[in-house]
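Breakdown of the fold
For reference, the chains in residue letters:
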Amino acid sequence: VSATEAFAKSNFNSNMDEVIKRALRIVERARTSHFLTRAYISMYFGDPLGTLDPGLPLKIARKFNAAGCDEIVLCDTAGIASPKSVHLACSQAAH
């Protein structure tokens, strides 16, 4: 999934909320079938195509955590994260 509307629109041809809903349904079905699940959140640290609400990526990660996702990958898709921002993001997402 994407943490920004611009990326969701350009890659999934849909809005971010719909993409997240679809992905959460997939997680639910996979868990029901006893598969391990992994969610990738692209543009977690920023998006050159559009703006990023600073609290939104963490909210998305928490949705996948609440859905029982086994692994959540925070993607620096745009290559703009710093070691400090990665450490902070991982610390926040782990709780």
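Relevant structure appears above.
Below is a summary of the structure that appears in this document. As the structure is a prediction and not an experimental result, all values here were calculated from the model.

Definitions and cut-offs
- Residues numbered from 1 in each chain as written.
- Predicted model: local features only at pLDDT ≥ 70, side-chain atom pairs only at ≥ 80, totals over all residues.
- Heavy atoms only, no water.
- Core = buried A, V, L, I, M, F, W, Y, C linked by side-chain atoms within 4.5 Å.
- Buried < 20%, exposed > 50% of the residue type's maximum accessible area, 1.4 Å probe, protein only.
- Helix = DSSP H or I, 4+ residues; strand = E, 2+ residues; numbered from the N terminus.
- Contact = heavy atoms within 4.5 Å.
- Pairing = 2+ DSSP bridges.
- Right-handed = clockwise from strand over helix to strand, strands pointing away.
- Salt bridge = Lys/Arg side-chain N within 4 Å of Asp/Glu carboxyl O.
- Arc of directions from axis to C-beta.
- Axes fitted to C-alpha atoms, helices over the stretch in contact; angles between N-to-C directions.
- Parallel < 35°, antiparallel > 145°, perpendicular 65-115°, else oblique.
- Left-handed = near helix turned anticlockwise from the far one by under 90°.
- Nonpolar A, V, L, I, M, F, W, Y, C, P; charged D, E, K, R; others polar.

1. Comments concerning the nonpolar core
- In this structure, Val1, Ile41, Tyr44, Ile60, Phe64 and Leu74 are the most contacted members of the largest nonpolar core, which totals 19 residues.
- Element by element, the count of residues in this core is highest for helix H2 (residues 16–32), at five residues.
- Contacts of Tyr44, omitting those with residues within four sequence positions, involve Ala3, Leu52, Pro57, Leu58, Ala61, Leu74, Cys75, Ala89 and Ala93.

2. Overview of the pairing of strand E2 (residues 71–74)
- Examined bridge by bridge, strand E1 (residues 38–41) and E2 share four bridges and lie parallel to one another. Bridging from a neighbouring strand, Tyr40 pairs with Val73 of E2.
- This β-α-β element, E1 to helix H3 (residues 56–66) to E2, shows right-handed connectivity.

3. Overview of the pattern of salt bridges
- Across all of its chains, the model carries four salt bridges by this definition.
- One salt bridge connects Arg25 with Glu18, and the closest N-O pair in it is separated by 3.7 Å.
- Residue class for Glu18 comes out partly exposed when judged on its relative accessible area of 28%.
- In this structure, the salt-bridge partner of Arg31 is Asp70, at a minimum N-O distance of 3.9 Å. With Arg31 in helix H2 and Asp70 in the loop between H3 and E2, the pair connects residues that are 39 residues apart, well separated along the chain.
- What emerges from the salt-bridge pattern is a single network uniting Glu18, Arg22 and Arg25.

4. Brief notes about H3
- Taken together, the buried positions of H3 are occupied by Pro57, Leu58, Ile60, Ala61 and Phe64. For H3, the angular spread of buried residues about the axis comes to 160°, placing them on one side. In H3, those exposed residues whose orientation departs by more than 90 degrees from the buried face are Lys59 and Ala66.
- Buried residues in H3 make contact with H2, E1, E2 and helix H4 (83–93).

5. Thoughts on the packing of H2 against H3
- For the pair H2 and H3, interaxial distance at closest approach is 10 Å and the crossing angle is 25°. Looking at the two axes, H2 sits roughly parallel to H3. Regarding H2 and H3, the two cross each other, and that crossing is right-handed. Where H2 abuts H3, its residues Met16, Ile20, Ala23, Leu24 and Val27 lie against Leu56, Ile60, Lys63 and Phe64.
- For the contact of H2 with H3, the class distribution of residues is eight nonpolar, no polar and one charged.

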